[in-house]
Structure formats: C-alpha cells, structure tokens
Amino acid sequence: MRENSQFGRLLVILLTTWVAGIGMYWLPEEWMGVEVRKIDLLSDIRIRPVGQALDALLLEEADSVAGADTAPPTLPDDSLGQAARRDSMYRQFVAAKGPADSLPALLEDFSVGHTGLARFFSALNRVVLMSRPVRIAFLGDSFIEGDILVADFRAKMQAHFGGRGVGFVPVASEVEQYRPTVYQRSKGWSAYSLLTDTQHAYVLSGLLFEAQGEHPSITFKTVDFYPGLEQVASVKFLYSRNEAAEMRLTCNRGKDTLTVALPPAEGVRQYEWEGAFTEGRFQFRNAKGLLALGVALEDNAGVVVDNFSLRGNSGVTLSRLDRGRCRELNEIRPYDLIVLQYGLNVAAENVHNYGWYREQLTEVIRHVQQCFPSSDILLLSVSDRSHYRDGAFRTIPAVVSLLKAQRQAAEAAQVTFWNMFLAMGGENGMVRYVNNRWASKDYTHLSFRGGRELADALYGALMREKEWYDEMANTTTEDVDQHAIH
C-alpha cells in the first residue's frame, strides 16, 4: 500500500510538471506589460529552419544599416539647420570615398548633428598641448580579457598619437598569468565584484580589493611584447578607502624606494610617483580596511587605454556604477572616450526578441553619461558567434537579433555605434576567424591574432570618422574667414 501511495504521488508530480511546462510554452509574448521568454522543453531536439530565419534577420539588419545612413534625425527646431547640414555633409563625405560595399565597417553616429565623438577627436587634435593624456576606457566582457583586441588597439593609438604604458591594472585578475602586456601578482587581498556584490560602491573596473593579513602587496613588471610598454614615466596607486595605511613602493630592482603614509580617504584617490619605471612592488602596513582598485603604469602624455574587462558581464550591471565615485575617478583620470563592448553573455540560442535588453542597455548608456558627463560613448555590437547545425558551423540567429537591439539602444541614447559583426565579415564571420586561427574553437572568443584584425578595423573606422571631423573643422574655419572678409 505504501509503495502504491508513493508511486501515485510521483505520477501527480510528473503530471503537474508536464502541465506547467506546456503552460509556460504557450505563455503570451507579453504579460502585464512584461516581455515573457517562452520555455521549450524540446528545444534541444526541435528542427528549425535556421538558414531561413537568419536570412530574414540579416535582410532586416541590412535595411536598418541603410536607414541609419539616410534617415533624417529628429531635431529640435533651433538646431535643425546646422545639424541637418552636418548630416548631409557626412553623407557626401562617405559617398565620395566609394561604394558602400567597398568601405570598412564605418561608425554610425546617432547623435544630433553627427557630433557624437566631437570631444574625443578634439582632444586627440590637442594631445601635444594638453597637460594630461587622452584617456580611453574600454569596458567589456571575456571577449577582451587578457588585453585581446585592446592591446593592439592601444598600440596603434599610441604609435599615432604618442604615449606609453598599459594603463590601469587591477590588483588581481583571473587571467593575469595569460596577459602578455604586463606582469602582475598580488597577495593578501580579498576581491569583490560588481557582478555579485551590492554592498560596495563601484567604478569602471567593477572590482574592489580589501587588504587582508599583515603585509598585502602588489608586484608589477613591464614587458616588451608590444611597442611602448617597456618603460613608463608614472606609477599610480588607486584606492577608494583608507584609514592609516603606510605604503612602501620599491622600483627598478631596489634602486628607487618611496615610503609614505598613504593619505586617508573615503572616496576614489590616487597616489602618483613619477620617474622611469620598469618594475616595482607595493607593500602595505596598517592596511586593515584599505580598499584598492589597482595600479596604473603609463606616461602623462599621449594616449592611455585602460582595459576594464569583467568576465560574465552582460553590461546591464553598469547601471549600478556609483555616480559619485565615478565622478571622483573622472576628476583624477578624465576619460575622453568610453567604449562599451558587451553581448556574448546575453545572446541565447532560439531567443530572437531582445527588446528587454534594448531598454536596459539604453538606460545603462544614459547612466554612464551621467557618471562621466565629459566623455563620449562608443557602443560596439556583439561579435559573430557560431553553433553546429546540419553538419556545419553557422552564425547563431540570436546574434543578429541582439545586434539590432544594440543599434536601437545606441540610437535611443544618441551615441555612436560600431557594427563588430559586420567588421568580422558578417554572416559566418566567426567560421572564417576559426579557420584562420584568429579565434578559438569554441566559436565565440578571439585569439590575439583575431584581436589584431578587429583592432585594425576599429582603429580604421575611428580614423575615417576623425578625417571627416577634421574636414568639418576646416570647413567651419573657412566659413568664418569668408564671413570676416565680407
């Protein structure tokens, strides 16, 4: 009797689960104003016309790109004439460069009057006159960790505009032993992450490190894997809380030593030492409660590119960046350009509606703009990603759907957008990357060689855009001169 009773309960549980699963599959696309993701219990074995679905998405995406280049923006009345004139001149500039299919993946500027990168390009043009470096913050997920893509982009920018050094380096990293642009080691720290912790105030790195034990330390050494990294003129320690810590910095094999009582703080601060540095070690005493961000190895001129990669980040968590702390960071490290690269942790097979992500990403961009009001924003699309279907690796249709949502977010926030999927070659671009050994065989992540390809494309797109800005500046100057003559 007892066995029959247990068996009956099992049948009831299985039946209830089955009914619930069927019910969740037939949920409406929207319920009480909230978009609903359906559950398909047969998703792993169901055969779908993937090729047809992807073709339709790509055609829709192509229409979006064409529309972005030609559709007039919505403008306030008082700026209609000037903004429309700039947009018209930009279309003429692009048309003069040749057929659209012969050009690299260009930037799409959704700002009013095509001014989305004006402050960044203005800073680049004044780089030799500035009392600080032009700073770029490159935020992303595992796609850029270890300095993949960013290292080559940094090298190109520094070769053209000057500057040395790897920039910001967190106290510790999951991939520090694989990062070829700096040697770093640390001990005596507990780590907190923006992805899992809601108790601390975070800035762009999304990481905080609390001193533990008697003598926490950070060791660094420059490398020559890329040009411009062998030596730097400034070493900085960044922290956000301190009561009574003493810091001892020993550099250049003990030839230079600095011992200071680290200034107390409840907010983002940095301590800088200038000279000529190739290696060093920070050691701390009385450091209980010290919250550290990391160190910066750089020159105080040219271009600095900070890599703020955080594995597993969808980008949505940036909405929790602390506005006050970010503005404190911007006081000591003003950023002229913030690049946002996310999407791989959002794209899911068989999900084609990313309206929820579009809305959240739009708010994230606006929040970053509030945190760093003097910075221009560049949003990168998700890269290509492939899965195995019908005997071959093919682009996941969800990638194109997500790309469309990201472009719409850039348009809604009126920032500049770069189609990284198109820069990789469009449909099945990741397959080509893997075949060329530019990407790993997970058909998701780049190798350093693949990172160089995309870095070249991004740098080329930025320089093409800067060429137009410079042309516009000259045109404006000529107009002013002609007006003065008459």
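The structure under discussion appears in the preceding block.
The following refers to the structure shown. All values derive from a computational prediction rather than experimental measurement.

1. Description of the sheet that holds strand 9 (residues 217-221)
Across the sheet, five strands lie side by side as 6-9-14-11-12; this open sheet has antiparallel pairing. With partners counted over all chains shown, the strands left at the sheet margins are strand 6 (183-187) and strand 12 (256-261), one partner each. Averaged over all neighbouring strand pairs, the angle between strand axes comes to 10°, with direction disregarded. Two elements, strand 11 (residues 246-251) and strand 12, share six bridges in a ladder whose sense is antiparallel. Its bridge partner lying in strand 12, Leu-249 is registered against Leu-258.

2. Some remarks on the pattern of salt bridges
Under the defined criterion, the tally for this structure stands at 23 salt bridges. Between Glu-272 and Lys-236 there is a salt bridge whose closest N-O contact spans 3.7 Å. Of this pair, Glu-272 sits in strand 13 (residues 265-277) while Lys-236 sits in strand 10 (residues 232-242); the two residues are 36 residues apart in sequence, bridging distant segments of the chain. With its nearest N and O atoms 3.1 Å apart, the salt bridge here joins Glu-363 to Arg-366.

3. Focus on the environment of Ala-118
Summarising the element assignment, Ala-118 is placed in helix 4 (residues 118-125). Given the relative accessible area of 31%, Ala-118 is considered partly exposed. Sequence separation between Ala-118 and Asp-376 is 258 residues; the distance between their C-alpha atoms is 7.8 Å. Not counting residues up to four positions away in its chain, the partners in contact with Ala-118 are Asp-376 and Tyr-469.

4. Considering the environment of Leu-124
The topology assignment puts Leu-124 in helix 4. The sequence separation of Leu-124 and Arg-135 amounts to eleven residues, and the corresponding C-alpha distance is 9.7 Å.

5. Some details on the sheet that holds strand 4 (residues 134-140)
The pairing of strands in a sheet comes from backbone hydrogen bonds and takes either a parallel or an antiparallel form. Spatially, the six strands line up as an open sheet ordered 3-21-18-17-4-16, and their pairing is mixed. Edge positions in the open sheet fall to strand 3 (107-109) and strand 16 (303-309), since each of these has one partner strand only. Taken over all neighbouring pairs, the strand axes of this sheet differ in orientation by 20° on average, direction set aside. Inspection of the sheet shows strand 4 paired to strand 16 by seven bridges, in the parallel sense. Counterpart to Arg-135 in the pairing with strand 16 is Val-304.

Rules used throughout
Residues numbered from 1 in each chain as written. Predicted model: local features only at pLDDT ≥ 70, side-chain atom pairs only at ≥ 80, totals over all residues. Heavy atoms only, no water. Pairing = 2+ DSSP bridges. Helix = DSSP H or I, 4+ residues; strand = E, 2+ residues; numbered from the N terminus. Axes fitted to C-alpha atoms, helices over the stretch in contact; angles between N-to-C directions. Salt bridge = Lys/Arg side-chain N within 4 Å of Asp/Glu carboxyl O. Buried < 20%, exposed > 50% of the residue type's maximum accessible area, 1.4 Å probe, protein only. Contact = heavy atoms within 4.5 Å.

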